[in-house]
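# Per-entry structural report
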Amino acid sequence: MISNTQPTEEQIRIELGIPPLGSPKAQKVIILSQSSHLDWDWLLPFPTLLDNQPPDTIPYFKDNVKPAKDIFTAAAGFLCPGGTLRPAYYYSICEMGFLEGFAAKYPAAFDTLKQAGNNLRIVGGGITSPDNLLPDGECFIRNYLLGRQWLDANLTGLPMNQAWLPDDFGHDSQLPALMQALGFQGVGFSRLPAANRQALLSDGVDFIWQAADGSTTFAHYMQATYCQGDDINKYNNPSDQINNYYNTNKGASLTDYVFVPVGCDFRMPQDLPTFASDYNNNPQPGVYAVAATFDHYVGLVNGFWQREAYPTPQPFYPTPYWTGYYASRPANKILHHAASRALVGAEVFGKIYETLQLGAADESRTPIAYTPNQTVADGWQTLTPSTHHDYITGTALDAVYTGEQQPLLIKAAAIGDSARQAAAAATAALINAAPQSGETPVAVFNQLGFDSAGLVEMPALLCSNAASVRTSGGTSIVQTAANGDLLFMASAPSLGYDTAYLSASPPPPPTDPTMSLFSSQSPDGRNFALSNYYLNAVVSVDSFGGLSFLQDMSGGTGVELLAAGETGNDLAFYIDSGDIYRFGNEPDNYGNPGTLVLDLKGQLTVKSIEWLEQGPLRLRLQTTVQFNSMDANNNPVSATYIREYTLVAGEPFLRMSITGGAPLTADGFPTSGTTYKGNPYSVMVRFPFINPVDAMSHGTTYHWDSQLPTPSWTTPPTFLASHDFLLPAAASQYQAAIYHSSIPAWAIDGNGALIGCVLRNTPGDTNLGATGSDTGVHTHHYAIRMPSAVQAPSTGAQLCESLGFQTPLLGTYINMPTGGYSQGMLSFPTTFSLASVTSGDAIITAAKSAEADSSALVLRIYQPTNTPVDVTVSLTAFGNSLSALQVTALETDIDGQRSIAVNNGAFSFNAEFALTTLIISNGGQ
């Protein structure tokens, strides 16, 4: 368990000037905590919020809202008036992105902040204050890691102990797994609907939150939001306001300490020590007020529990606050996750190159110039702001979404993809391949932390006439894709690569029945079948381009997955009166539900169904349909959708994609300005299984959960934020597995069918914040896996299969020197694995250079079992005298951890919780 030496309760009281324990003057202590919540972007873009006065034309910013540079400058004045430290004043900053921007543009003012020492506190410490439901789990970690790096370089010695998530619109039940992995002590959060709120007000706002893997974190619920104390100087009577805060909070504050946050959006700091001192001149009996921080508060409450009794750790399943944002602006989700995968891959391939180069280089060998680290760092710097709770959520104004968020995400994805390709190419250029006559060598890269096999797609370029491929598994066929790319089957080891050889020679006849692939079309052109060893799927005109049959073929007989007479992957059009925050069936700001009902007027018309590919390795079938309806004013509504079905030989799942935009008007655009006509829509894909779904396991940000959300509204559905996979079940039997990379919004409809919201355009305005639209065309990729052999999420099997679906093997040509490699030339082996798990149910989710020592290797290891697991990791060609050290995900030390010797290229450790981070280096740390 992570533990860092922290001040005792009595030491904290002394630091803050609180009367000692047992004093009748301080039986209850009010902690007034000054900060300012700085949204990366929301109603305005980041540069404006950093150092330009927000315009009064935006109503939200009329009341005492200032740019971050004014806020930090004022805080520096309170902390160090006249350049002298004021001991009683503390100021907390959460978002390092703003502090970094301030330091760069206003170094003199930043120097004043630095003089405050530990009176300046970091509560949070990420580049931004992230959403904790939707971001990629590794990007969530990198948000804080980048913040930690910047702190270490610019504010040496300031701790990062707590997570500060005051404005998140919902919470991951497995959040403690990330908190413990990061080394954080606790988390403060604010938004909960009535059901959760009442429970915590009864049981206490401070508790030990436990994830399913046993990870724990201190948790504090801000019962009157993070803005509670901003009106402390209302009517120039702070003492009365402090009394009001105390009376509001005391019933749910079951320790000696009461927390009052003073830090709404972009609020200027106030003179809290003076307010507290004035209050203490005439307080409620036994009540003492002090200006302090959330960091102090966590330490004080922990000290109280040490004196009295620690509460029993407990799971916490937050009811969704809003859920519409799970599906709003899907481009943000799609690009965010794609960029995260690309950057992780670039790190893996770059580390492979660096490791092999260091292991092989001597004075007679000349390595090629390749320095990926700065490019990848720039990619993470560009991407991590998208974890913000008004960014990946899609809840910003249109101008911010199109003018800042989309360009940054497109840039991050491009950096990641380019860096990954460059790292693979640099490595491939040095592989000492052994092609036979007429063969073209290809390196097949696998960025995943487990062995992977599957279809490789790459440009023809050097081998346009390829008909076969030779791999370590034998020789097999090459298919030419519709766009001219080459398709072939290959495999590669964990975090590594293997070498394949393309040739114009014909392949031998296939002998493996599991690699069979068939396509057919009925004579009337109304039914199209895609079949392989594992499944049979029929797409028909009568099902409007959906699945009329879907059969699990394991055992040789087809078992139907879909309910009789129903259509799988059906398109369901819901009239949705919600907004970018909430679906229409969720209550608005006044508690009134709106509309989320099927459009009964809507009709689909099939425009075309055509084969794109009918090869021996991959089938692709494209369907185009048109949706037509009429709104309440008899205005026509129409939209066109392309659904594609892809079946690959040897895969037990059917790949699907949908491309389109959510309909709103006849042309899909506003009629003028922000005035819309027609119905706002949410578009769902629907899977009505043969048995109605009553349970569903699913991936979360970095773990998994089987708890269905408990709604705070009466009309279904209630969506959950899903990562990577879903396992819908009926009567404890899995009906299928769903894999996806960018559709977090899934639910069970009122008839027990699984639905996923793929498109939304709901520019409603219920005073929840920003109002926005989405007239764009988006493409989602997802897959349905046959239920045979689907395993429980605790095995990690379906997670691995989904990751393989999302992150295919990467093929790169090997450009060998003429005549091959001669003695003394730098060259790499034909197959290589950076690291792999050789025992224990675990996978490696990230492999990168350590921040403090680029020659060291960081491995992030995930184990899904929810029980401690002994894990053995094997390393390849990484030097001598190695040792492994368990650290936090911020790459900081954990008390009590000792180095583990690496013997014969392997080491073992006990993975007590879901996430473990290790640094492997020469000689240990």
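Predicted model only: the values in this text are computed from it and were never measured.

## Structural notes on the overall build of the chain
A count of helices and strands for the chain gives 15 helices and 47 strands. For the chain, the C-alpha radius of gyration of 29 Å lies close to 29 Å, the compact-globule estimate for 925 residues. Taking the principal axes of its C-alpha atoms as reference, the chain extends roughly 90 × 80 × 50 Å. Expressed as a percentage of the 925 residues in the chain, the buried residues total 61%. At a minimum sequence separation of 6, the contacts of the chain that also span at least 24 residues come to 74%. Element-wise, carbon and sulfur atoms account for 51% of the exposed surface of the chain, whose accessible area totals about 32,900 Å². Taking the average place of the 41 positive charges on the side chains of the chain and the average place of its 78 negative ones, the gap between the two points comes to 4 Å.

## What to know about the state of the cysteines
Applying the stated criterion to the full structure yields 1 disulfide. One disulfide bridge connects Cys227 with Cys264, the sulfur atoms lying 1.9 Å from each other. Between Cys227 and Cys264, the S-S dihedral sits near 60 degrees, and the bridge is therefore right-handed. Taken as a pair, Cys227 in the loop between β7 (216-221) and α9 (238-249) and Cys264 in the loop between β8 (257-262) and α10 (272-280) lie far apart in primary sequence, 37 residues in all. Given the relative accessible area of 6%, Cys264 is considered buried.

## Points about the confidence of the model for the chain
Chain-level statistics for the chain give a pLDDT mean of 92 and a share of 94% at 70 or above. Ignoring residues within four places in sequence, the model shows residues 361-367, a span with pLDDT below 50, making 10 contacts including any to other chains. Under a pLDDT of 50 for its full length, residues 666-676 has, in the predicted model, 14 contacts with residues more than four places off or in other chains.

## Focus on the pattern of salt bridges
Following the criterion strictly, the structure yields 30 salt bridges and no others. The residue Glu566 makes a salt bridge to Arg686 at a minimum N-O spacing of 3.5 Å. Of this pair, Glu566 sits in the loop between β21 (559-560) and β22 (570-576) while Arg686 sits in strand β28 (residues 681-687), placing them 120 residues apart in sequence. Between Arg582 and Asp579 there is a salt bridge; the shortest N-O distance is 3.9 Å. Here Arg582 and Asp579 have matching classes, each one buried.

## Focus on the environment of Ser519
Within the secondary structure, Ser519 sits in strand β17 (residues 517-521). Through-space distance from the C-alpha of Ser519 to that of Leu621 is 9.7 Å; in sequence the pair is 102 residues apart. Not counting residues within four places of it along the chain, the set of residues in contact with Ser519 comprises Ala529, Trp611, Gln614 and Leu619. A polar atom in the side chain of Ser519 sits 3.0 Å from the side chain of Gln614.

## Considerations on the packing of helix α4 (residues 96-105) against helix α5 (residues 107-114)
Contact pair α4 / α5: the axes reach a minimum separation of 5 Å and the direction vectors enclose 120 degrees. Overall, the two elements α4 and α5 adopt an arrangement that is oblique. Taken together, the residues of α5 that come into contact with α4 (itself represented by Leu99, Phe102, Ala103, Ala104 and Lys105) are Pro107, Ala109, Phe110 and Leu113. A class-by-class count of the residues in the contact of α4 with α5 yields 8 nonpolar, no polar and 1 charged.

## Some thoughts on the sheet that holds strand β43 (residues 869-875)
Within the open sheet, the 3 strands sit side by side as β40-β43-β46. Their pairing is antiparallel. Unpaired on one side and paired on the other, β40 (835-839) and β46 (906-911) mark the two borders of the sheet. Here the strands of the sheet are splayed against their neighbours by 35 degrees on average, with no regard to which way each runs. Sheet analysis places β43 next to β46, joined by 6 bridges and oriented antiparallel. Within the sheet, the bridge partner assigned to Val873 lies in β46 and is Phe907.

## What to know about the side chain of Asn332
Examined against the element boundaries, Asn332 turns out to sit in helix α12 (residues 330-360). The exposure class of Asn332 is buried, given its relative accessible area of 0%. In contact with Asn332, other than residues within four places in its own chain, are Tyr391, Ile392, Gly394, Tyr401, Gln405, Gln406 and Leu409.

## Comments concerning the sheet that holds strand β1 (residues 28-34)
In spatial order, the strands read β8-β1-β9; together these 3 strands make up an open sheet with parallel pairing. Unpaired on one side and paired on the other, β8 and β9 (287-292) mark the two borders of the sheet. Within the sheet, the average angular offset between the axes of one strand and its neighbour, ignoring direction, is 20 degrees. As paired strands, β1 and β9 are joined by 6 bridges and run parallel to one another. Bridged to Lys28 within β9 is Val287. Of the strands in this sheet, β1, β8 and β9 touch helix α1 (residues 9-16), which is tilted by about 80 degrees from β9. Against the sheet, α10 contacts β1, β8 and β9, and its axis sits at roughly 170 degrees relative to β9.

## Focus on the packing of aromatic side chains
If you walk through the whole model with that rule in mind, you get 47 aromatic pairs. Chaining the aromatic ring pairs together yields one cluster made of Trp164, Phe218, Phe259, Phe294, Tyr297, Trp305 and Tyr310. Arg329 extends its terminal NZ or CZ atom over the ring of Tyr401, reaching a point 4.3 Å from the ring centre. For Arg760, the ring lying beneath its charged end belongs to Phe583, and the centroid distance is 4.4 Å.

Analysis parameters
Residues numbered from 1 in each chain as written. Predicted model: local features only at pLDDT ≥ 70, side-chain atom pairs only at ≥ 80, totals over all residues. Heavy atoms only, no water. Helix = DSSP H or I, 4+ residues; strand = E, 2+ residues; numbered from the N terminus. Rg over C-alpha atoms; globule rule 2.2 N^0.38 Å. Buried < 20%, exposed > 50% of the residue type's maximum accessible area, 1.4 Å probe, protein only. Contact = heavy atoms within 4.5 Å. Areas by Shrake-Rupley, 256 points an atom, 1.4 Å probe, with all protein chains shown as cover. Lys, Arg positive; Asp, Glu negative; His and termini not counted. Charge placed at Lys NZ, Arg CZ, Asp CG, Glu CD. Disulfide = S-S within 2.5 Å. pLDDT = per-residue confidence, 0-100. Salt bridge = Lys/Arg side-chain N within 4 Å of Asp/Glu carboxyl O. Polar contact = N/O pair within 3.5 Å; in protein donor to acceptor, adjacent residues only side chain to side chain. Axes fitted to C-alpha atoms, helices over the stretch in contact; angles between N-to-C directions. Parallel < 35°, antiparallel > 145°, perpendicular 65-115°, else oblique. Nonpolar A, V, L, I, M, F, W, Y, C, P; charged D, E, K, R; others polar. Pairing = 2+ DSSP bridges. Phe/Tyr/Trp six-rings, centres within 6.5 Å; stacked < 30°, edge-to-face > 60°. Lys NZ or Arg CZ within 6 Å of the ring centre and 35° of its normal.

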